[in-house]
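# Survey of secondary and tertiary structure
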Amino acid sequence: MTDQVDYQVTVEELSALMKRTAGVHVDPVTLQHQTDATFDTFGLDSLGLLGIVAELEKRYGLGLPEQAERCKTPADFLALINGALKTGV
């Protein structure tokens with residue numbers, strides 16, 4: 001059994017979280033091709049992003065960096081979240 005599990009949030013998971021926590025439906029393929037577009041482009045506001053952060057914190061049992069709720073693009077968000085999950089910070 002390993003001591004550390006390497007978690008990673010995928011674009012598909014982010015798309016599902018956007019729908020489940022914020023009611024914003026974005027096709028995962030579209031999101032994958034537009035990861036540098038702003039969350040506003042997809043109709044996700046700061047409260048929606050906060051809901052996604054809260055869901056991920058609950059899922060993985062750790063606090064995520066405060067900057068997560070201020071990320072402007074899916075690419076920035078995934079990079080920050082996956083970096084935090086990898087280091088456990």
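Scroll up a little and you will see the structure.
The structure contained in this document is the topic of the report that follows. Since we're looking at a predicted model, the values are computed, not measured.

How each quantity is defined
Residues numbered from 1 in each chain as written. Predicted model: local features only at pLDDT ≥ 70, side-chain atom pairs only at ≥ 80, totals over all residues. Heavy atoms only, no water. Helix = DSSP H or I, 4+ residues; strand = E, 2+ residues; numbered from the N terminus. Buried < 20%, exposed > 50% of the residue type's maximum accessible area, 1.4 Å probe, protein only. Contact = heavy atoms within 4.5 Å. Polar contact = N/O pair within 3.5 Å; in protein donor to acceptor, adjacent residues only side chain to side chain. 1 Å grid on protein atoms, 1.4 Å probe; cavity = no way out; pocket = protein on both sides within 12 Å on 5 of 7 lines; lining within 4 Å. Points joined across faces, edges and corners; volume = space filled by probe spheres on them. Expected span 1.5 Å × (residues − 1). Arc of directions from axis to C-beta. Phe/Tyr/Trp six-rings, centres within 6.5 Å; stacked < 30°, edge-to-face > 60°.

### Notes on the environment of Arg59
Among the structural elements, Arg59 can be located in helix α3 (residues 46–60). For Arg59, a relative accessible area of 35% gives the class partly exposed. Excluding residues within four positions of it along the chain, Arg59 makes contact with Glu13, Leu17 and Arg20. In this structure the side chain of Arg59 is engaged in a polar contact, spanning 3.5 Å, whose partner is the side chain of Glu13.

### Some details on the side chain of Asn82
Here Asn82 is to be found in helix α4 (residues 74–87). In this structure Asn82 touches Tyr7, Gln8 and Val9, once residues within four positions along its chain are discounted.

### Description of the layout of surface pockets
In this model, the largest pocket occupies a volume close to 170 Å³. Together, Thr38, Phe39, Asp40, Leu44, Asp45, Ser46, Leu49, Glu69, Arg70, Cys71 and Lys72 line the largest pocket.

### Considering α3
If you check α3, its first and last C-alpha atoms are 21 Å apart, about what 15 residues at 1.5 Å a residue would give, namely 21 Å. For α3, the set of buried residues is Gly48, Leu49, Ile52, Val53, Leu56 and Tyr60. The buried residues of α3 all sit within an arc of 145° when viewed along its axis, so they share a single face. Across α3 from its buried face, at more than 90 degrees, point the exposed residues Leu47 and Lys58. Taken together, the buried residues of α3 touch α1 (11–22) and α4. Of the residues flanking the start of α3, the one acting as N-cap is Asp45, its side-chain oxygen 3.3 Å from the backbone nitrogen of Leu47. Looking one or two residues past α3, Gly61 carries a phi angle of roughly 70°, positive in sign.

### Points about the packing of aromatic side chains
Under the defined criterion, the tally for this structure stands at two aromatic pairs. Ring centres 4.7 Å apart and planes at 50° place the aromatic pair Tyr7 and Tyr60 in the tilted group. Taken together, the positions of Tyr7 in the segment before α1 and Tyr60 in helix α3 put the pair 53 residues apart, joining distant regions of the chain. With relative accessibility at 15%, the residue Tyr60 sits in the buried group. On the numbers, 6.0 Å between centres and 85° between planes, the contact of Phe39 with Phe77 is edge-to-face. A residue pair is termed long-range when its members are at least 10 positions apart, and Phe39 in the loop between α2 (28–33) and α3 and Phe77 in helix α4 qualify at 38 residues. Take Phe39 and Phe77: they sit in the same class, and that class is buried.

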